[in-house]
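Structure assessment
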Amino acid sequence: MKFLQKFHYNSPVILTFALICLFAYWLNRLTGGWANLHLFSTYRAGLTNPMMYLRLFGHVLGHVSWAHFMNNILMILLLGPMLEEKYGSKTLIEMIAITAVVTGVAHNLLQPHAALLGASGIVYMLIVLSSIASMKDNRIPITFLLISIIYIGGEILDGFQKDNISHMTHIIGGVCGGFYGLVLRGRKG
C-alpha cells in the first residue's frame, strides 16, 4: 500500500477526462459502434431530442480508432496538466465544456449531414492556450503567433481536402484557446 502512496493524481480534470475517453472508446468497441453513434457523436437532430444536447458535450469523448484516441489523448496529457495548474480545475472544466458545445453547435449548423466525434477541438484549444499562457505585460508571445500560423493556418489549407477530418473543429478549438488565453491572461487558478 505504501507503494501506491508514491503516485499523485496530479491533474484531476485531465486524468479524469482521459479515463472517461478510454471508457468511451472501449464501450464503443464492446457495442459494435452503437455507443459512438448514439452517445459520443454529434449530428443534427431535432431540438426536442434531449440526446442532441448530451451529444454536444459527449462528442469529445468518442474516438473512432485506437490511433485517433492515442493522438488526441497524448496531446491532452502533455498540455493539460500545465494548464490545469495555471488556470485551476474549475476553469479548465469550463473551457473544455464550452469548447465542446461551441464546436458541436458549429458542426451541426455548418455540416448537417456528417457526424463529429473526437477530442481534437479540445486538443487545438489546449495547444493555442498553452502558447499564450505565458503572456506578460500585454506583450504577445511569438510562440502564440507561430502556433496560430502553423496549426490554424495549416488547418485552413487542409480544410479543402476530403479526408474525414473536421478541420473546422480544429480551427474553432484553436480560436477558443486564443480567446481564453487573452481573456484570462495574468490569472492564476
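Before reading further, recall that the structure is shown in the block above.
A brief look at the structure comes next. (Residues numbered from 1 in each chain as written. Predicted model: local features only at pLDDT ≥ 70, side-chain atom pairs only at ≥ 80, totals over all residues. Heavy atoms only, no water.)

**Points about the overall build of the protein**
The condition is simple: Here a helix means four or more residues in a row that DSSP labels H or I, a strand means two or more in a row labelled E, and each is numbered from the N terminus. Using C-alpha atoms as the atom set, the radius of gyration is obtained and then compared with a globule rule of 2.2 Å times the number of residues to the power 0.38. Each residue is assigned to one of three classes by its accessible area relative to the maximum for its type, calculated with a 1.4 Å probe on protein chains only: buried under 20%, partly exposed between the two thresholds, exposed over 50%. Contact between two residues is taken to exist if any of their heavy atoms lie within 4.5 Å; hydrogens are not considered. With residues, only the protein chains shown are counted as cover, and all accessible areas are computed by Shrake-Rupley using a 1.4 Å probe. Asp and Glu are treated as the negative residues and Lys and Arg as the positive ones, with His and the ends of the chain left uncounted. Here the site of a charge means NZ on Lys, CZ on Arg, CG on Asp, or CD on Glu.
Scanning the protein from terminus to terminus reveals eight helices and zero strands. Walking the protein from its N terminus toward its C terminus, one meets helices and strands in the order α-α-α-α-α-α-α-α. Its C-alpha atoms give the protein a radius of gyration of 17 Å, within 12% of the compact-globule value 16 Å for 189 residues. The principal-axis extents of the C-alpha atoms in the protein amount to approximately 50 × 45 × 30 Å. By residue count, 43% of the 189 residues in the protein fall in the buried class. Relative to all contacts within the protein whose residues are 6 or more apart in sequence, the contacts with residues 24 or more apart total 73%. If you sum the accessible surface of the protein, you get close to 10,900 Å²; carbon and sulfur atoms cover 69% of it. Counting 13 positive and 7 negative side-chain charges, the protein places the centres of these two groups 6 Å from one another.

**Side note on the side chain of N108**
For clarity, the cut-off: For the purposes of these results, a polar contact is taken to be a pair of N or O atoms within 3.5 Å, where, inside protein, one atom must be able to donate a hydrogen and its partner to accept one; residues adjacent in sequence count only when each atom of the pair is a side-chain atom.
Among the structural elements, N108 can be located in helix α5 (residues 89-110). Within the structure, N108 has its side chain in polar contact with the backbone nitrogen of Y43 (distance 3.4 Å). With residues near it in sequence (within four places) discarded, N108 still touches T42, Y43, R44 and L56.

**Examining the side chain of T91**
Along the chain, the position of T91 falls in helix α5. With a relative accessible area of 8%, T91 lands in the buried category. There is a polar contact of 3.3 Å between the side chain of T91 and the backbone oxygen of Y87.

By themselves, these observations are geometric and do not establish any function.
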